[in-house]
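Now for the letters of each chain:
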Amino acid sequence: MTQLDVPILGEPAGSALPADAGHEGKGEIHLVHLYPREMSIYGDLGNTRCLAARIRRHGYVPVVHQHHPGQPFPEQAHLVVGGGGQDSGQSTVEDDLARIADRLRGLAADGTPMLMICGMYQLFGNTFVTVDGRSLPGLGILDVTTRGNAQRMIGPVVLATDHGDVVGYENHSGSTVLGAGQAPFGRVRHGMGNNGTDGTEGAVAGHVIGSYLHGPVLPANPRLADALIGWAAEQATGRDFEPGQLDDEVARQAQTRQVQRLLR
Ligand code: GLN
């Protein structure tokens, strides 16, 4: 059932991650990581590790599936994540993404939470035109359009979002423009964001979030991680999210310090 050929949290390939003893009762949450080989740079695999660890600490059983090109898409998917990659990695996964497009669109329409970072964010939009003029069609789940530039946007970022301040790191040549009516994920307080000009960063539609923020972003922003997990828990169990008591004090202090440092 589970495909784990990149180790997550040191677990052996092909196994579900066990819940802490006594916490098995809240149910399984199936997490699908899209294209971990081609699309996972600047530590984005850390988002999957963070989600799996927090799901377990909240008392649910995380089941991590890695979706590779050509494989059947997992039957159960309560949370879907994708990371950044080079333009070449994006070209490599294009055909497979078109193959699973209807499934992803259906899951998104049903309220399945998704977090797509950088290169995968671009491919969840309408089109990504690379710096050398190739046009990669996207899924159109987010109404955004991206065009590659000679100049890259690189550096630390602070955003104001519905999940509080979010900190991360951006590195992209793609400049993204939101369609009319498309909500951004956040407002830029420090950094460049979608295009360096309109003050927007990322995009959000329902429970689907696209963002340029690496870091990885979720360990640095536990509130955002728990929003995704909460929605996934509701999808998985049909019940309200039943969070555990997690100690996020170190992450909170690190985040506060980064916000103060960058906004000073
Ligand atoms: N190739 C894309 C760009 O540079 C995505 C980069 C990334 O995922 N970090 O815009």
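Read on for an overview of the structure. The structure presented is a predicted model; accordingly, all values stated were derived computationally and were not measured.

Structural notes on the environment of Pro219
As for its position among the elements, Pro219 is in helix α5 (residues 217-220). Residues Pro219 and Leu51, spaced 168 residues apart in sequence, show a C-alpha to C-alpha distance of 8.5 Å. When residues no more than four places from it in sequence are discounted, the contact partners of Pro219 are Gly46, Asn47, Cys50 and Ala251.

Quick word on the nonpolar core
Residues Leu34, Leu104, Met114, Met120, Phe124 and Leu218 are the most contacted members of the largest nonpolar core, which totals 58 residues. Tallying contributions element by element places helix α6 (residues 222-237) first for this core, with six residues.

Topic: the site of the ligand
Taken together, 16 residues are adjacent to the ligand, and Gly85, Asp87, Cys118, Gln122 and Gly174 come closest. Arg152 has a polar side-chain atom sitting 3.3 Å from an oxygen atom of the ligand. In this structure, Ser173 approaches the ligand through a main-chain N or O atom, which is 2.9 Å from an oxygen atom. Elements supplying a minimum of two residues to the shell around the ligand: α2 (87-99), α4 (119-123) and β8 (164-178). The element best represented in the shell around the ligand is β8, accounting for four residues. Tallied by class, residues from the shell around the ligand come to three nonpolar, 11 polar and two charged.

Examining the pattern of salt bridges
Under the defined criterion, the tally for this structure stands at eight salt bridges. Salt-bridge contacts for Arg54 lead to Asp226; the nearest nitrogen and oxygen are separated by 2.9 Å. Here Asp226 lies in helix α6 and Arg54 lies in helix α1 (residues 45-57), a separation of 172 residues in the sequence. By the burial criterion, Arg54 is buried, and Asp226 matches it. In this structure, Arg99 and Asp96 form a salt bridge, with 2.6 Å as the shortest nitrogen-oxygen distance. Here Asp96 and Arg99 lie together in helix α2, a separation of three residues that amounts to about one turn. Taking the relative accessible area as the measure of exposure, Asp96 reaches 5% and is therefore buried.

What counts as what
Residues numbered from 1 in each chain as written. Predicted model: local features only at pLDDT ≥ 70, side-chain atom pairs only at ≥ 80, totals over all residues. Heavy atoms only, no water. Helix = DSSP H or I, 4+ residues; strand = E, 2+ residues; numbered from the N terminus. Contact = heavy atoms within 4.5 Å. Core = buried A, V, L, I, M, F, W, Y, C linked by side-chain atoms within 4.5 Å. Buried < 20%, exposed > 50% of the residue type's maximum accessible area, 1.4 Å probe, protein only. Near = heavy atom within 4 Å. Polar contact = N/O pair within 3.5 Å; in protein donor to acceptor, adjacent residues only side chain to side chain. Nonpolar A, V, L, I, M, F, W, Y, C, P; charged D, E, K, R; others polar. Salt bridge = Lys/Arg side-chain N within 4 Å of Asp/Glu carboxyl O.

Functional significance is not addressed by these values, which are geometric in nature.
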